[in-house]
Amino acid sequence: MNPTLETRYSSCLENYNDAVDELGGLPGLLKSKDYSGLNIHASAASDGPSTCDDNFTSPPAEAPQLKAASDKLQGLISVILVISNLL
């Protein structure tokens, strides 16, 4: 594997693990009606896919499957943020 891609994918794995950790706490925050905390942690989760995408601003390009997954996660987090702002 290309060493540059290996480094980028490793960084993305760390970014996504951090995002999953942040998202994992959201049900408890929602249940306790901590809407501010919900917003804060959802915002923090959005950093993961965004940072991963930023790793690919120069060649080699991001794999289409990774970009699609990143876009899907960012969309989900955006929905969570909209809802948390309405609560």
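Preceding this section is the structure that the text describes.
These numbers come from a predicted model, not from an experiment.

K.L.:
I tried to follow helix α1 (residues 3-24) on my own but got confused; where do I start?
P.N.:
Residue pairs spaced three or four apart in an α-helix point in one direction, given the helix's 3.6 residues per turn. With 22 residues, α1 should cover 32 Å at 1.5 Å per step; its first-to-last C-alpha distance of 31 Å lies within 8% of that length. Here α1 has its buried residues at Leu-5, Arg-8, Cys-12, Asn-15, Tyr-16, Ala-19 and Leu-23. Projection of α1 onto a plane perpendicular to its axis shows the buried side chains occupying an angular sector of 100°, all on one side. With respect to the buried face of α1, the exposed residues turned more than 90 degrees away are Pro-3, Thr-7, Leu-13, Glu-14, Asp-21 and Gly-24. Where α1 is buried, its residues meet α2 (26-31), α3 (35-54) and α4 (64-86). The backbone nitrogen of Thr-4 lies 2.7 Å from a side-chain oxygen of the residue at the head of α1, namely Asn-2.

K.L.:
Looking at this structure, how should I read the state of the cysteines?
P.N.:
By definition, a disulfide is the covalent link that joins the sulfur atoms of two cysteine residues. Scanning all chains against the criterion turns up 1 disulfide. A disulfide bridge connects Cys-12 with Cys-52, and the sulfur atoms are separated by 1.9 Å. Taking the sign of the S-S torsion, about 90° here, the bridge from Cys-12 to Cys-52 comes out right-handed. Linking Cys-12 in helix α1 with Cys-52 in helix α3, this pair joins segments that are 40 residues apart in sequence. Accessibility expressed as a relative area gives 3% for Cys-12, which makes it buried. Classification of Cys-52 by relative accessible area gives buried; the value is 0%.

K.L.:
For this particular structure, what's the right way to read α3?
P.N.:
With 20 residues, α3 should reach 28 Å at 1.5 Å per residue; the first-to-last C-alpha distance of 29 Å fits that figure. Buried residues belonging to α3 abut α1, α2 and α4.

K.L.:
Can you help me understand the environment of Ser-10 in this one?
P.N.:
Along the chain, Ser-10 falls in helix α1. On a C-alpha basis, the gap between Ser-10 and Asn-85 in space is 33 Å, while along the polypeptide they are 75 residues apart.

So, how was this worked out
- Residues numbered from 1 in each chain as written.
- Predicted model: local features only at pLDDT ≥ 70, side-chain atom pairs only at ≥ 80, totals over all residues.
- Heavy atoms only, no water.
- Helix = DSSP H or I, 4+ residues; strand = E, 2+ residues; numbered from the N terminus.
- Expected span 1.5 Å × (residues − 1).
- Buried < 20%, exposed > 50% of the residue type's maximum accessible area, 1.4 Å probe, protein only.
- Arc of directions from axis to C-beta.
- Contact = heavy atoms within 4.5 Å.
- Polar contact = N/O pair within 3.5 Å; in protein donor to acceptor, adjacent residues only side chain to side chain.
- Disulfide = S-S within 2.5 Å.

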